[in-house]
Amino acid sequence: MVKINGDDELLCPDCGGNYTHQTSVNVVMRDSEDGDGTATFCSSKGVEVSRLESSKIAGRRDVIEIQLWCEECGEDEPKTLRIMQHKGNTEVTWQR
Ligand SMILES: [Zn+2]
């Protein structure tokens, strides 16, 4: 479950700490439901755009994944926050 404290700060899924840092964002937009899609990966090194076959895309529609690390857990334990459309809803989950 994704948790946010009273100051609207995202909390680490492992330790509950509120010092998280974003390192990259991956956005996958499908051409149509269950179709192939375009992935855009953005980090401090730049932006990469590529095409993906449907079988390599999670769910049936579009996906946004934000990579973070937590000061308490350390940079060696990156975390991924996923925002994904699923059955008409938008799910926000941590990927393990
Ligand atoms: Zn943590």
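Here goes a summary of the coordinates provided.

Notes on the overall build of the chain
Thinking step 1. Counting secondary structure elements, the chain contains zero helices and six strands.
Thinking step 2. Seen in sequence order, the chain has helices and strands lined up from the N terminus as β-β-β-β-β-β.
Thinking step 3. Principal axes of the C-alpha set define a box for the chain whose edges measure 40 × 30 × 20 Å.
Thinking step 4. Counting contacts in the chain only where the partners sit at least 6 residues apart, residues at least 24 apart contribute 42% of the total.

Concerning the pairing of strand S6 (residues 89–95)
Thinking step 1. With zero of seven residues buried, S6 is to be regarded as a mostly surface element.
Thinking step 2. With seven bridges connecting them, strand S5 (residues 74–86) and S6 associate as antiparallel partners. Residue pairing across strands places Thr80 opposite Gln95, the latter belonging to S6.
Thinking step 3. Hairpin connection, S5 to S6: the antiparallel pair is bridged by two residues, and Lys87 has positive phi, about 50°.

Section: the environment of Glu71
Thinking step 1. Inspection of the secondary structure puts Glu71 in the loop between strand S4 (63–70) and S5.
Thinking step 2. Once the C-alpha coordinates of Glu71 and Cys12 are considered, the two residues, 59 residues apart in sequence, prove to be 9.3 Å apart.

Digging into the environment of Ile83
Thinking step 1. Within the secondary structure layout, Ile83 lies in strand S5.
Thinking step 2. The class of Ile83 is partly exposed, set by 15 C-beta atoms lying within 10 Å.
Thinking step 3. In the structure, Ile83 is positioned 51 residues away from Ser32 in sequence and 18 Å away in space, judged by C-alpha atoms.
Thinking step 4. Once residues within four sequence positions are removed from consideration, Ile83 is found in contact with Ile64, Thr90 and Val92.

Here we look at the sheet that holds S5
Thinking step 1. Taken together, the six strands give an open sheet; going across it, the order is S3-S2-S1-S4-S5-S6, and neighbouring strands pair in antiparallel fashion. Taken across any chain shown, the strands that pair with only one partner, and hence form the sheet edges, are strand S3 (46–52) and S6. If you compare each strand with its neighbour and ignore which way they point, the axes differ by 15° on average.
Thinking step 2. Here strand S1 (residues 20–30) pairs with strand S2 (residues 37–43) via seven bridges, running antiparallel. Paired with Ser24 across the two strands is Ser43, which belongs to S2.

Considering the environment of Ser55
Thinking step 1. Along the chain, Ser55 falls in the loop between S3 and S4.
Thinking step 2. Sequence separation between Ser55 and Asp34 is 21 residues; the distance between their C-alpha atoms is 8.5 Å.

Section: unusual backbone geometry
Negative phi is the rule for most residues except glycine; trans is the rule for most peptide bonds.
Thinking step 1. Here Asp8, not a glycine, exhibits a phi torsion of approximately 65°, which is positive.
Thinking step 2. Its place among the elements puts Asp8 in the segment before S1.
Thinking step 3. A count of 6 C-beta atoms within 10 Å places Asp8 in the exposed class.
Thinking step 4. With a phi close to 65°, Asp34 is a non-glycine residue in the positive phi region.
Thinking step 5. With respect to the element layout, Asp34 can be found in the loop between S1 and S2.

Conventions we followed
Residue positions are counted from 1 within each chain, in the order its sequence is given. In keeping with the model being predicted, local features are shown solely for residues with a pLDDT of at least 70 and side-chain atom pairs are shown and tallied solely at 80 or more, while totals for entire chains, interfaces and linings include all residues. Strands are runs of DSSP state E lasting at least two residues, helices are runs of H or I lasting at least four, and both sets are numbered from the N terminus onward. C-beta atoms are first placed from the backbone for all residues, and any pair lying within 7 Å is then listed as a contact. Labels follow a simple rule on C-beta atoms placed from the backbone: if 20 or more others lie within 10 Å of a residue's own, it is buried; if 12 or fewer, it is exposed; otherwise it is partly exposed. Criterion used throughout: strands pair if DSSP finds at least two bridges between them. Here an angle of 0 to 180 degrees is reported between the N-to-C directions of two axes, which are lines fitted to C-alpha atoms, with helices fitted over the stretch in contact.

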